[in-house]
Structures are given as structure tokens and as C-alpha cells.
Amino acid sequence: MPEAGAASALADELIGVLQDQEPLMPTILGLDGPHELLGDLSEAADAGFRARFVDIADRATALDPDTLSADERITRAVVIQQAMARIDLVDSRLVEYTVTDLFVAPAAVLLSMLPLIGLPSPELAEAYLHRLGEIPAHLTGAADRHRAGIAAGRVPVAHLVESAIKHIDRYLSDPDNDPLARPVPPAGVAADFAARRDAVLADVVRPAFAAYRDVLINEILSHGRPADRPGLRWLPGGDADYARMVRVHTTTERTPEELHETGLAIVEKLRAEYAEIGKRVLGTDDL
């Protein structure tokens with residue numbers, strides 16, 4: 001019989017791995033975590049996290065649900081699903097070809113999420129300065145993964161790469177209104193905080209964004225897919241990746257084809273409902 005709270009313990013362990021994989025998450029949510037770090041985007045790091053997720057999923061699966069309380073059975077199921085979803089995300093290698101100005105891409109994540117960070121304590125203020133210093137390694141890791149994607153035929157969409165370049169251009173063009181200077185520490189933090197932050201932004205952060213932008217222009221853009229080939233189906237293994245994303249975003253084992261047919265059936269049912277209401281309210285059933 002498993003120990004009482006075994007599933008909950010695995011859930012706590014899973015959250016810890018997620019925080020290690022995405023250090024921004026606990027900071028944004030106001031939780032304890034490695035507030036001075038950014039995620040490691042390397043293939044080696046992905047392999048390590050994947051192994052940890054597999055281990056947690058296996059141990060959760062090994063728990064006999066018949067020996068668990070109702071709450072623990074639910075927790076076990078969620079741990080298994082979430083761990084498997086993270087495995088699917090790693091296996092999809094999204095970072096290799098996700099280049100855009102939306103907050104799902106490496107540079108855009110930084111420019112969207114870092115300004116949201118609160119600095120309620122001197123410790124978090126110092127951690128933020130250290131995190132800013134991690135940006136060059138983070139963007140270098142992203143560039144390396146983009147190169148690996150190109151070598152494997154997993155390339156981004158060209159016009160989205162152009163959008164990412166323009167996004168970075170806008171950021172670099174206005175250093176006096178740097179959004180990464182937005183987080184403000186509490187009163188009493190060392191008087192030189194702003195000067196040290198501004199020095200890091202000028203000497204470390206903006207050059208790192210400029211270097212990443214140059215990689216996008218000189219190495220990535222020319223390999224981009226045209227606008228008429230935006231979907232995963234145009235990438236090697238894209239159909240499998242699409243199925244993985246369906247599992248991640250629906251928590252079901254339904255295939256893309258099943259979901260498409262479900263959508264068509266719902267639309268057809270709605271057409272009948274619209275016609276009935278239209279006849280009654282507007283005097284016509286002509287959609």
C-alpha cells in the first residue's frame with residue numbers, strides 16, 4: 001500500500017521540476033524558486049528534464065489507484081497527465097522553430113514577462129539583476145536550437161521571423177524607455193540599484209538582443225517557410241508533433257481528425273439551432 005500522500009508528494013516534485021525548467025514561472029506567480037535564473041534551452045537540458053518527467057510519470061503510474069483516497073486518485077491522474085504533457089512538449093522541439101513576436105518565442109518571452117516581475121524585497125531585486133545578466137546565455141541557447149532546427153529541416157515561418165526582428169528593433173530603438181527597467185525595488189534598496197541595472201541593460205542585455213537579432217537576419221530568415229506553409233505538417237515529423245500538441249492542450253487522447261470531425265458536427269448542429277431561432281425571432285431560417 002502506498003504511503004499516505006504519495007500522489008501529493010509526486011505533485012510537489014513535479015512542480016519543482018517545472019520551476020527548474022521554467023524559472024520565470026515561480027517568480028511571476030510569487031512562489032519560491034530560482035528567481036535569479038532563466039531557463040536552459042539546450043538539448044542536453046531538455047534531455048535531463050525529459051528523464052525527470054518520465055521518472056515522475058512512471059512512479060505515479062505505479063501507484064495503485066484502488067489504494068488511494070479520492071483526492072489522491074485525482075492528484076495521481078493529474079500528475080501523470082501533466083508529466084506526459086511536458087514530455088510531449090520536449091519531444092516537439094518547439095524552441096527550434098518558434099520564432100515570432102508573440103510571447104511564445106524566446107526573445108518575446110523575455111520582453112513580455114520580465115517587465116511583469118515584482119521586486120518586493122532587496123533579495124528579489126538583486127536576483128533580478130542577476131537574471132538580466134543571464135539573458136546573453138539564454139538567447140545564445142535559443143540561437144543554437146534554431147540552428148539545430150534548420151539542420152533537421154524544422155524551420156520557422158519567414159514572415160514570423162521578420163516580425164521577431166522588428167520586435168527586437170523596436171526594443172533596441174528606444175533605450176530610454178526600456179521595459180526591462182520597469183520592475184522597481186522597494187524603498188531602502190541600495191541607492192545604486194538603478195545605476196547597476198541600467199549598466200547591465202546597456203552593456204549586457206541590449207547587445208545580447210542585438211546579437212540574437214543578427215542571427216535571425218543572417219542565419220535563420222533565409223530558411224523560413226513561406227506564408228502558404230505555416231502549419232506543422234510542413235515540418236519533418238510534423239503530424240506527430242501536431243498530435244502531441246493536441247494531447248497537451250486538450251488532456252485527451254483524441255486524434256486531430258476526431259477533433260476536427262467533432263467541430264464539424266457541432267457547427268452543423270449550430271446551423272440547425274440558428275435556423276430554428278431565426279425562423280421564430282426574425283421570420284426566416286435562411287442563414
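Structure: above.
The shown structure was predicted, so the numbers you read here are calculated from the model rather than taken from an experiment.

Engineer: It is not clear to me how the overall build of the chain should be interpreted in this structure. Could you clarify?
Structural biologist: The secondary structure content of the chain amounts to twelve helices and zero strands. When the helices and strands of the chain are read in sequence order from the N terminus, they spell out α-α-α-α-α-α-α-α-α-α-α-α. With respect to the principal axes defined by its C-alpha atoms, the chain has extents near 65 × 55 × 45 Å. Charge centroids of the chain, computed over 28 positive and 46 negative side chains, lie 5 Å from each other.

Engineer: Sorry, what's going on with the environment of Glu 219 here?
Structural biologist: Within the secondary structure, Glu 219 sits in helix α10 (residues 193-220). For Glu 219, a relative accessible area of 31% gives the class partly exposed. Taking the C-alpha atoms as reference points, Glu 219 and Arg 147, separated by 72 residues in sequence, lie 7.8 Å from one another. Look past the residues within four positions of Glu 219 in its chain and what remains in contact with it is Arg 147, Ile 150 and Asp 214. A polar contact is formed between the side chain of Glu 219 and the side chain of Arg 147, at a distance of 2.7 Å.

Engineer: Sorry if this is basic, but what is going on with unusual backbone geometry here?
Structural biologist: Backbone geometry follows two general trends: most residues other than glycine have a negative phi, and most peptide bonds adopt the trans configuration. For Arg 93, which is not glycine, the phi dihedral falls at a positive 55°. In this fold, Arg 93 is placed in the loop between α4 (70-92) and α5 (94-97). Looking at Arg 93, the relative accessible area reads 26%, which means it is partly exposed. Unusually for a residue other than glycine, Thr 251 sits at a positive phi of about 60°. Summarising the element assignment, Thr 251 is placed in the loop between α11 (238-250) and α12 (256-281).

Engineer: Any chance you could explain the packing of aromatic side chains here in plain terms?
Structural biologist: Any pair of aromatic rings gets described here by the distance separating the centres and the angle formed by the planes. With the rule as written, the count across this model stands at one aromatic pair. Ring geometry for Tyr 171 against Phe 209: centres 5.0 Å apart, planes inclined by 55°, an arrangement best described as tilted. Linking Tyr 171 in helix α9 (residues 158-172) with Phe 209 in helix α10, this pair joins segments that are 38 residues apart in sequence. Directly above the ring of Trp 234 sits Arg 233, whose terminal nitrogen or CZ lies 4.6 Å from the centroid.

Engineer: What is the right way to read empty space enclosed by the protein from this model?
Structural biologist: One simple way to see leftover space: roll a probe sized like a water molecule over the atoms. Using the criterion set out here, one finds one cavity of 30 Å³ or more in the structure. As for the largest cavity, its lining consists of Thr 100, Ala 105, Pro 106, Ala 107, Ala 108, Ala 164, His 167, Ile 168 and Tyr 212. Mapped by element, the contributors of at least two residues to the lining of the largest cavity are α6 (106-113) and α9. Looking at the lining of the largest cavity residue by residue, the classes come out as seven nonpolar, two polar and no charged.

Engineer: Whenever I open this one, helix α7 (residues 122-133) confuses me. Can you help?
Structural biologist: Each α-helix turn comprises 3.6 residues. Residues three or four places apart therefore point the same way. Compared with an ideal rise of 1.5 Å per residue, which puts twelve residues at 16 Å, α7 spans 17 Å between its outermost C-alpha atoms and is within 8% of the ideal. Of the positions making up α7, those classed as buried are Ala 125, Ala 127, Tyr 128, Leu 129, Arg 131 and Leu 132. Looking at the buried positions of α7, the neighbouring elements they touch are α2 (24-29), α8 (135-151) and α10.

Engineer: Can you help me understand the nonpolar core in this one?
Structural biologist: Generally speaking, soluble globular proteins have nonpolar side chains that are buried together. Core analysis: the biggest nonpolar cluster contains 43 residues, and Leu 114, Ile 135, Leu 180, Phe 209 and Leu 216 have the highest contact counts within it. Elements that contribute at least two residues to this core include exactly α5, α6, α7, α8, α9, α10 and α11. When residues of this core are assigned to their parent elements, the largest contribution, nine residues, is made by α10. In contact with Leu 180, other than residues within four places in its own chain, are Leu 110, Leu 111, Leu 114, Pro 115, Tyr 128, Leu 132, Ile 135, Tyr 171, Arg 197, Leu 201, Val 205 and Phe 209. Of all hydrophobic cores here, the second largest spans 18 residues; its members include Leu 10, Leu 14, Ala 45 and Ile 87.

Engineer: Explain the pattern of salt bridges here, please?
Structural biologist: Side chains that differ in sign of charge can pair as their charged atoms come close. Following the criterion strictly, the structure yields 22 salt bridges and no others. When the shortest N-O distance is used, the salt bridge between Arg 213 and Asp 214 registers 3.3 Å. Close ionic contact of Arg 280 with Glu 276 constitutes a salt bridge, the shortest N to O distance being 3.1 Å. Highlighted residues: Arg 280 and Glu 276, both in helix α12, separated by four residues, approximately one helical turn. The exposure class assigned to Glu 276 is partly exposed, which follows from its relative accessible area of 43%.

Engineer: Help me understand the layout of surface pockets in this model?
Structural biologist: Volume-wise, the largest pocket comes out at about 1400 Å³. Surrounding the largest pocket, 44 residues form its lining, Glu 22, Leu 94, Phe 103, Val 104 and Val 109 being those nearest its centre. Broken down by secondary-structure element, the contributors of at least two residues to the lining of the largest pocket are α2, α4, α5, α6, α8 and α11. Considering every element that reaches the lining of the largest pocket, the biggest residue donor is α4, with five residues. The space that makes up the second largest pocket amounts to roughly 170 Å³. Contributing to the lining of the second largest pocket are 13 residues, with Leu 38, Gly 39, Asp 40, Leu 41 and Glu 134 lying nearest its centre. For the lining of the second largest pocket, the element with the highest residue contribution is α8, accounting for three residues. Counted by class, the lining of the second largest pocket contains six nonpolar, four polar and three charged residues.

What counts as what
- Residues numbered from 1 in each chain as written.
- Predicted model: local features only at pLDDT ≥ 70, side-chain atom pairs only at ≥ 80, totals over all residues.
- Heavy atoms only, no water.
- Helix = DSSP H or I, 4+ residues; strand = E, 2+ residues; numbered from the N terminus.
- Lys, Arg positive; Asp, Glu negative; His and termini not counted.
- Charge placed at Lys NZ, Arg CZ, Asp CG, Glu CD.
- Buried < 20%, exposed > 50% of the residue type's maximum accessible area, 1.4 Å probe, protein only.
- Contact = heavy atoms within 4.5 Å.
- Polar contact = N/O pair within 3.5 Å; in protein donor to acceptor, adjacent residues only side chain to side chain.
- Phe/Tyr/Trp six-rings, centres within 6.5 Å; stacked < 30°, edge-to-face > 60°.
- Lys NZ or Arg CZ within 6 Å of the ring centre and 35° of its normal.
- 1 Å grid on protein atoms, 1.4 Å probe; cavity = no way out; pocket = protein on both sides within 12 Å on 5 of 7 lines; lining within 4 Å.
- Points joined across faces, edges and corners; volume = space filled by probe spheres on them.
- Nonpolar A, V, L, I, M, F, W, Y, C, P; charged D, E, K, R; others polar.
- Expected span 1.5 Å × (residues − 1).
- Core = buried A, V, L, I, M, F, W, Y, C linked by side-chain atoms within 4.5 Å.
- Salt bridge = Lys/Arg side-chain N within 4 Å of Asp/Glu carboxyl O.

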